[in-house]
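Listed here are the chains, written in short residue letters.
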Amino acid sequence: MALVTAFLLALYYGFFSAHPIMLIMGPSGMPAVIGLFIGIIMGDPAKAVMIGAMIQVMYLGVVHYGGTMPVDQFFASIIAIPISISTGMDDKQALALAAAFGALGVAIDTIWKTLNTSAWGPYVDRACEKLQYGKISRGSTLFPILTRILLSTPIIFLILYVGTDAVNWLMDNLPQWLLIGFSNMGAIIPAMGFAMFITILGRPLQIPFFIIGFYIMRFGDIPIIGMAVFGAFLAFLSVLWGDPDFFKNRGQA
């Protein structure tokens, strides 16, 4: 991977992983959206978005309790998507790579939060006691962001710049049965994401809709956008059917 490309991707992760703009951090933290930015930088947005969407499905059922991060989807995406594009790796193998790196991002995030609470938290407290508003602003925004950039950027840069050649070497030298195993594992992981999602949020009344959607997608050859619109329509109807007073209230109005 080119030196400049690896640095831009590392800087992109270091800045946005610090949550600088809270109003857009929800959508911008989704692997599909991350894939779009990576694809623009690397010149292949279609493949990057596709891999990002698959990573997003893989972590569909992951829930962050109390600010904890069981897996870093951003880190998994910033490693797996660029390396997949650079090496021509199979999409399913890219998912297996993302699953492996997702846990490493959690360690970096934990170190960053520890630094914030041990260094910048007391800094802001002292500034509050003295009503030093400039220090309060810098200690709660600028300094944590710079800390994240300095902590994350070198790690991402080295993995992308050096790891691409390492992955190329592995792809050329690993036995075929192991590569097939990685592909099969990557194919199973998104299904596990759906299973986790159903386990956490699924209700008996919603399970039939999930099964119907699966079979329509599988045998109807409907694009994902069309299926999303159809699913939204079914969700709207299910809400109406679940409220027996809805039509009565509409009639009285």
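- As annotated in an unreviewed UniProt entry, the protein chain carries the name PTS system, mannose/fructose/sorbose family, IIC component and is attributed to Enterococcus pallens ATCC BAA-351.
- Of the comments in the UniProt record for the protein chain, the one headed Subcellular location (unreviewed entry) reads "Cell membrane".

**Quick word on the pattern of salt bridges**
Alright, step 1. Enumeration according to the criterion identifies two salt bridges in this entry.
Alright, step 2. As a salt-bridge pair, K113 and D109 come within 3.0 Å of each other at their nearest N and O atoms. Here K113 and its partner D109 are both found in helix α6 (residues 91–129), four residues apart, which amounts to about one turn of the helix.
Alright, step 3. For K113, a relative accessible area of 33% puts it in the partly exposed group.

**Topic: the nonpolar core**
Alright, step 1. Grouped together as the largest cluster of nonpolar side chains are 34 residues, with contacts concentrated most on I55, I78, I79, I156 and L160.
Alright, step 2. Looking at this core, the elements that each hand over two or more residues are α1 (3–16), α3 (31–42), α4 (45–58), α5 (73–87), α6 and α7 (133–173).
Alright, step 3. Residue contributions to this core peak at nine residues, all from α5.
Alright, step 4. Among residues more than four places away in sequence, those in contact with I78 are L9, Y12, Y13, I38, I156 and L160.

**A closer look at the UniProt feature "transmembrane region" (unreviewed entry) in the protein chain**
Alright, step 1. Within this structure's numbering, the places UniProt gives as "transmembrane region" (unreviewed entry) are residues 71–89, 95–112, 145–164, 176–201 and 222–241.
Alright, step 2. The span residues 95–112 is 100% helical and 0% strand by assignment, and the distance between its end C-alpha atoms comes to 26 Å.
Alright, step 3. Helix makes up 100% of residues 145–164 and strand 0%. Its end C-alpha atoms lie 27 Å apart.

**Observations regarding α5**
Because an α-helix completes one turn every 3.6 residues, residues spaced three or four positions apart along the sequence face the same direction.
Alright, step 1. The first and last C-alpha atoms of α5 sit 21 Å apart over 15 residues, in line with the 21 Å expected at 1.5 Å per residue.
Alright, step 2. Burial runs high along α5: 14 of the 15 residues are buried.
Alright, step 3. Its side-chain oxygen 3.1 Å from the backbone nitrogen of F74, D72 forms the N-cap of α5.
Alright, step 4. One or two residues past the end of α5 sits G88, with phi positive at roughly 75 degrees.

Definitions and limits used
- Residues numbered from 1 in each chain as written.
- Predicted model: local features only at pLDDT ≥ 70, side-chain atom pairs only at ≥ 80, totals over all residues.
- Heavy atoms only, no water.
- UniProt positions renumbered as here; feature names shortened; annotations may be inferred.
- Salt bridge = Lys/Arg side-chain N within 4 Å of Asp/Glu carboxyl O.
- Helix = DSSP H or I, 4+ residues; strand = E, 2+ residues; numbered from the N terminus.
- Buried < 20%, exposed > 50% of the residue type's maximum accessible area, 1.4 Å probe, protein only.
- Core = buried A, V, L, I, M, F, W, Y, C linked by side-chain atoms within 4.5 Å.
- Contact = heavy atoms within 4.5 Å.
- Expected span 1.5 Å × (residues − 1).
- Polar contact = N/O pair within 3.5 Å; in protein donor to acceptor, adjacent residues only side chain to side chain.

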